[in-house]
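Fold and geometry: a report
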Amino acid sequence: MINKKLAIDFDGTIVEDAYPAIGRPKIFAFDTLKKLQSEGYRLILWTYRHGKALDDAVEFCKKNGLEFYAVNSSFEGEIFDKEQQSRKIDADLFIDDRNLGGFPGWGEIYNIIKDRIEFSVSGGNVQAYSRLKKEKRKKGLFW
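Residues numbered from 1 in each chain as written. Predicted model: local features only at pLDDT ≥ 70, side-chain atom pairs only at ≥ 80, totals over all residues. Heavy atoms only, no water.

A few words now on the environment of Ser73. By the secondary structure assignment, Ser73 is in the loop between β3 (70–71) and β4 (93–95). Looking at Ser73, the relative accessible area reads 8%, which means it is buried. Separated by 29 residues in the primary sequence, Ser73 and Ile44 place their C-alpha atoms 7.4 Å from one another. Excluding anything up to four places from it in sequence, Ser73 contacts Ile44, Trp46, Glu78, Arg87 and Ile89. (Helix = DSSP H or I, 4+ residues; strand = E, 2+ residues; numbered from the N terminus. Buried < 20%, exposed > 50% of the residue type's maximum accessible area, 1.4 Å probe, protein only. Contact = heavy atoms within 4.5 Å.)

Okay, here's the thing in structure tokens:
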């Protein structure tokens, strides 16, 4: 079992950005997240939303068959004490539409996670390659 934790943004990542409303689901978002979950990844909803807007997002995900390991915390039941800890959560990867280079889409995100894609910058270009295959896959400004 993998047990890696993925922190995933909601607005602009799981759904189209319509904050504070809930936008349409991004293509393959729920399919990809459920597949990652079935493969042993722990999913954390990590979003700016709070209160009713957060409850609405969590309920929307449940209606689409997705429940999270934790919501806006490192683990279920975490009690945040700003005197004892940082607000940064414990996750192995963060998936957000505001990544450098923008949101590549859920198919590409799945490939990045499964192929263990790494990026390097050379001469103003970002090069992506698989740590498993050690071969260059893409070359360009960002994707």
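Among the ten residues of helix α3 (residues 106–115), seven are classified as buried, and the element is accordingly described as predominantly covered. Along α3, the positions that sit buried rather than exposed are Trp106, Glu108, Ile109, Tyr110, Ile112, Ile113 and Asp115.

Before going further, it helps to examine the environment of Arg98. Mapped onto the fold, Arg98 is located in the loop between β4 and α3. Taking the C-alpha atoms as reference points, Arg98 and Asp9, separated by 89 residues in sequence, lie 9.3 Å from one another.

In this model helix α2 (residues 51–63) runs 18 Å from its N-terminal to its C-terminal C-alpha over 13 residues, within 8% of the 18 Å that 1.5 Å per residue would give. Among the residues making up α2, those that are buried are Ala53, Leu54, Ala57, Val58 and Cys61. For α2, the angular spread of buried residues about the axis comes to 135 degrees, placing them on one side. Turned more than 90 degrees away from the buried face of α2, the exposed residues are Lys52, Asp55 and Lys63. Where α2 is buried, its residues touch α1 (29–38), β2 (42–45) and β3. One or two steps after α2, the chain reaches Gly65, where phi turns positive at roughly 80 degrees. (Expected span 1.5 Å × (residues − 1). Arc of directions from axis to C-beta.)

Further remarks concern the sheet that holds β4. The four strands lie next to each other as β3-β2-β1-β4, forming an open sheet whose pairing is parallel. Strand pairing shows two members of the sheet lacking a second neighbour, β3 and β4, which therefore form its edges. (Pairing = 2+ DSSP bridges.)

Turning to the packing of aromatic side chains, a few remarks are in order. Within this structure, the stated rule accounts for four aromatic pairs. Ring centres of Tyr19 and Tyr48 lie 5.9 Å apart, and the angle between their planes is 70 degrees; on these two criteria the pair is classed as edge-to-face. Of this pair, Tyr19 sits in the loop between β1 (5–8) and α1 while Tyr48 sits in the loop between β2 and α2, and the two are 29 residues apart along the sequence. What makes Tyr19 partly exposed here is its relative accessible area of 36%. (Phe/Tyr/Trp six-rings, centres within 6.5 Å; stacked < 30°, edge-to-face > 60°.)

With respect to the helices, strands and loops of the structure, Asp11 is situated in the loop between β1 and α1. Residue class for Asp11 comes out buried when judged on its relative accessible area of 9%. Of note is the side chain of Asp11, whose polar atom sits 2.7 Å from the side chain of Arg49. If we ignore the near neighbours within four places in the chain, the residues touching Asp11 are Asp17, Ala18, Tyr19, Ala21, Thr47, Arg49 and Asp97. (Polar contact = N/O pair within 3.5 Å; in protein donor to acceptor, adjacent residues only side chain to side chain.)

It is worth spelling out the pairing of β1 at this point. Going residue by residue along β1, you find Lys5 and Ala7 tucked away on one face and Leu6 and Ile8 tucked away on the opposite face as well. Bridging between β1 and β2 involves four bridges; their strand directions are parallel. Within the sheet, the bridge partner assigned to Ile8 lies in β2 and is Leu45. In this fold, β1 hands off to α1, which returns the chain to β2; that crossover is right-handed. (Right-handed = clockwise from strand over helix to strand, strands pointing away.)

By themselves these figures say nothing about function.
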